[in-house]
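Commentary on secondary and tertiary structure
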Number of protein chains: 2
Amino acid sequence: MSWIERKRPTRLERRIELPDYEATRGFLDQLAEVSEQQGIYPDTSFGRTYVNLTLYAEGEGEDLGEGVRRFALAVDRLLDAAP
Amino acid sequence: MSWIERKRPTRLERRIELPDYEATRGFLDQLAEVSEQQGIYPDTSFGRTYVNLTLYAEGEGEDLGEGVRRFALAVDRLLDAAP
C-alpha cells in the first residue's frame with residue numbers, strides 16, 4: 001500500500017493523482033461511500049486532479065487502530081479497481 | 001462575504017462549518033457544479049463537518065481576477081440558499 005505513516009500525531013497519509021476532474025469527483029464519491037459504511041472521515045484535500053488523505057489514529061498512542069487500517073485498505077481497493 | 005483575502009500568493013480563503021456529513025457532501029456536490037460551470041477548481045480541504053476553500057489569483061499580481069471573484073460570490077449564494 002502507498003500510505004506513509006507519520007508520528008506526532010500518529011497518522012497515515014496518501015496522495016492520489018487523477019487524470020481529470022471527473023475522475024477526482026468519481027473517486028471522492030466512492031470515498032464518501034466508504035466513509036459512510038465505516039464511520040471514518042479522513043481529512044481530505046483536493047484540487048482538480050489530486051486528492052490528499054490523512055487518517056488519524058483512533059486513540060492517543062502510536063497504534064493506528066483497526067478501523068483506520070481497514071479504511072486505508074478499502075481506499076487501496078478502490079484505486080486498484082479504477083480503470 | 002466571509003472570505004479572507006491573503007497575500008503572497010494573492011488568494012481568498014473561506015472556512016465553512018456544516019452540521020453533519022450529509023450536509024458536507026451536499027455542499028461539495030453543489031461546489032463541483034459551480035466548478036464545472038465556471039472552470040475554476042479551488043483547493044478544497046474537508047472533514048466530516050467542515051470545508052476550507054482557497055481560491056488563488058488567476059494572474060501573478062495582487063489582483064484576484066474576475067473569475068475568482070465570481071466564483072466566490074457563487075459560493076456565497078450557495079450558502080445563503082442552504083437551509
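Whatever comes next refers back to the structure up there.
Residues numbered from 1 in each chain as written. Chains lettered and ligands numbered in written order. Predicted model: local features only at pLDDT ≥ 70, side-chain atom pairs only at ≥ 80, totals over all residues. Heavy atoms only, no water.

**Overview of the overall build of chain A**
- Scanning chain A from terminus to terminus reveals 2 helices and 4 strands.
- Helices and strands appear in chain A in the N-to-C order β-β-α-β-β-α.
- Whereas a compact globule of 83 residues would reach a radius of gyration of roughly 12 Å, chain A reaches 13 Å, a difference of no more than 12%.
- Dimensions of chain A, computed from C-alpha atoms along their principal axes, come out at roughly 40 × 25 × 20 Å.
- A sequence separation of at least 24 residues applies to 60% of the contacts in chain A between residues at least 6 apart.
- Counting only carbon and sulfur atoms, one obtains 44% of the accessible surface of chain A, whose full area is about 4,800 Å².
- Between the centroid of the 11 positive side chains of chain A and the centroid of its 16 negative side chains there is a distance of 5 Å. (Helix = DSSP H or I, 4+ residues; strand = E, 2+ residues; numbered from the N terminus. Rg over C-alpha atoms; globule rule 2.2 N^0.38 Å. Contact = heavy atoms within 4.5 Å. Areas by Shrake-Rupley, 256 points an atom, 1.4 Å probe, with all protein chains shown as cover. Lys, Arg positive; Asp, Glu negative; His and termini not counted. Charge placed at Lys NZ, Arg CZ, Asp CG, Glu CD.)

Geometric values such as these leave the question of function open.
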